[in-house]
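Listed here are the chains, written in short residue letters.
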Amino acid sequence: MSASQTSDIPTLLVKIFGKDRPGITAGLFDTLAAYSVDVVDIEQVVTRGRITLCALVTQPPADLEGDLRATVHSWAESMKMQAEIISGRGDNRPRGLGRSLVTVLGHPLTAEATAAIAARITKSGGNIDRIFRLAKYPVTAVEFAVSGVETEPLRTALVTDAAALGVDIAVVAAGLHRRAQRLVVMDVDSTLIQDEVIELFAAHAGCEDKVAEVTAAAMRGELDFEQSLHARVALLEGLDASVVEKVRSEVRLTPGARTLIRTLKRLGYQVGVVSGGFTQVTDDLKERLGLDFAQANTLEIVDGKLTGRVTGEIVDRAGKARLLRRFAAEAGVPLSQTVAVGDGANDLDMLNAAGLGVAFNAKPVVREAAHTAVNVPFLDTVLYLLGVTREEVEAADMHDEVG
């Protein structure tokens, strides 16, 4: 039945609620089938073992409506449930123009924050059509389907409030592209891994404090990245090349990194890393984690010693954005379908060039400029921004274990 055919016909909204158990949905529609009604819409939600099932159906002939109502109530009572039947006309009202998905991450997600988010959506001209929980740990993640307001002004309104509310909020346009193939590109230091690789090298050279000071200033955007890179690498001159294997063994993945990459690969996404660090580490990460792309700076080694210089193309702020575009072209993925994740000022161009830029536990200047921010120490929370549920992640893991 077309939208025009259901726009003004008499309909009944049948609501069933109570303790969930197998057979409720089949039982309700078996009951309704005796009256030859057509289904216009269905929605079912189960929360902590309690079901709410709503069926919008065409109204039966007038002489049968009373019998239908009595039969539905009798069936619901036999199931120890409650029923409500409301007469009306037509289908649900059309959704307003502009459809967005608002993902909210809370640790915890408070009632106060939820109320403020809902109020801001309403104030922006939006309507909440549906709310769905994506995950309950390690954070609570919920997704609001919103219509009636364009994505960009809604994002601006909500992201501005996020920090004050103690939550992370991502707003993306709804549509088929949510399930399309994507490319996810991540920074490495303090994003994919917990460490700053150059500081690991510096610890072996006895100049960790000096390097850390310059690194922090560069990540805050206070120093030109290329100049700071050369200054830091110069301090490593004379270090024995055997230290590379030691540094590789010292690298600590960020919690959730393996889960994120493993799940993205199962979904058919391509995954890459770009780093202001060094290929001596990123090439190893690419092999260990099964990444599709990896690019970084390269420490020069001559006669088994680090020379204090880098070779080849410098991967700096502009370079990371350039590599994102290159990876996207090689992967055959439109730039609008890319996701970039990073924490430092030298990630900003990449984050802004991507379809979705995620500031991960980032410096203030980065949080303010990115599309969205994640401020919990679990990298796999990025999956929730893509609409992947925790249950889907765990089901895939279990399938692999059984297989």
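Residues numbered from 1 in each chain as written. Predicted model: local features only at pLDDT ≥ 70, side-chain atom pairs only at ≥ 80, totals over all residues. Heavy atoms only, no water.

### A few points about the sheet that holds strand β3 (residues 50-58)
Here is step 1: On the basis of which strands lie adjacent, the open sheet formed by four strands has the order β2-β3-β1-β4 and antiparallel pairing. The open sheet terminates on both sides in strands that have one partner only, identified here as β2 (39-47) and β4 (82-89). Between one strand axis and the next, the sheet turns by 10° as a mean value, whatever way the strands run.
Here is step 2: The pairing of β2 with β3 spans eight bridges and is antiparallel. Among the inter-strand pairings, E43 is bridged to a residue of β3, identified as C54.
Here is step 3: Strands β1 (10-19), β2 and β3 of the sheet are contacted by helix α2 (residues 24-33), whose axis makes an angle of about 25° with β3.
Here is step 4: Sheet contacts for helix α3 (residues 62-78): β1 and β4; angle to β4, the most-contacted strand, approximately 155°. (Pairing = 2+ DSSP bridges. Helix = DSSP H or I, 4+ residues; strand = E, 2+ residues; numbered from the N terminus. Axes fitted to C-alpha atoms, helices over the stretch in contact; angles between N-to-C directions. Contact = heavy atoms within 4.5 Å.)

### Section: the sheet that holds strand β12 (residues 305-311)
Here is step 1: If you walk across this open sheet you meet the seven strands as β12-β11-β10-β9-β13-β14-β15, and the pairing is mixed. Two strands lie at the open edges of the sheet, namely β12 and β15 (372-374), each paired on one side alone. Across the sheet, the mean angle separating the axes of adjacent strands is 25° when strand polarity is ignored.
Here is step 2: When strand β14 (residues 356-360) meets β15, the two strands line up parallel, connected through three bridges. What sits directly across from A359, in β15, is A373.
Here is step 3: Where helix α8 (residues 225-234) meets the sheet, it contacts β10 (270-278), β11 (293-302) and β12, and its direction lies at approximately 170° from that of β12.

### So, helix α6 (residues 197-205)
Here is step 1: All buried positions along α6 are accounted for by V197, I198, E199, L200, F201 and A202.
Here is step 2: Downstream of α6 by a residue or two, G206 has a phi angle that is positive, lying close to 75°. (Buried < 20%, exposed > 50% of the residue type's maximum accessible area, 1.4 Å probe, protein only.)

### Brief notes about the UniProt feature "active site" (unreviewed entry) in the chain
Here is step 1: Taken from the UniProt record, the annotation "active site" (unreviewed entry) applies to D187 and D189.
Here is step 2: On the accessibility criterion, D187 (4% relative accessible area) is buried.
Here is step 3: Every residue in contact with D187, bar those within four places of it in the chain, is listed here: L192, V274, S275, K320, V341, G342, D343, D347 and M350.
Here is step 4: A polar atom in the side chain of D187 sits 3.2 Å from the side chain of T191.
Here is step 5: Among the secondary structure elements, D189 is positioned in the loop between β9 (183-186) and α6.
Here is step 6: Setting aside chain neighbours within four positions, we find D189 in contact with D195, E196, V197, I198, S275 and D343. (UniProt positions renumbered as here; feature names shortened; annotations may be inferred. Polar contact = N/O pair within 3.5 Å; in protein donor to acceptor, adjacent residues only side chain to side chain.)

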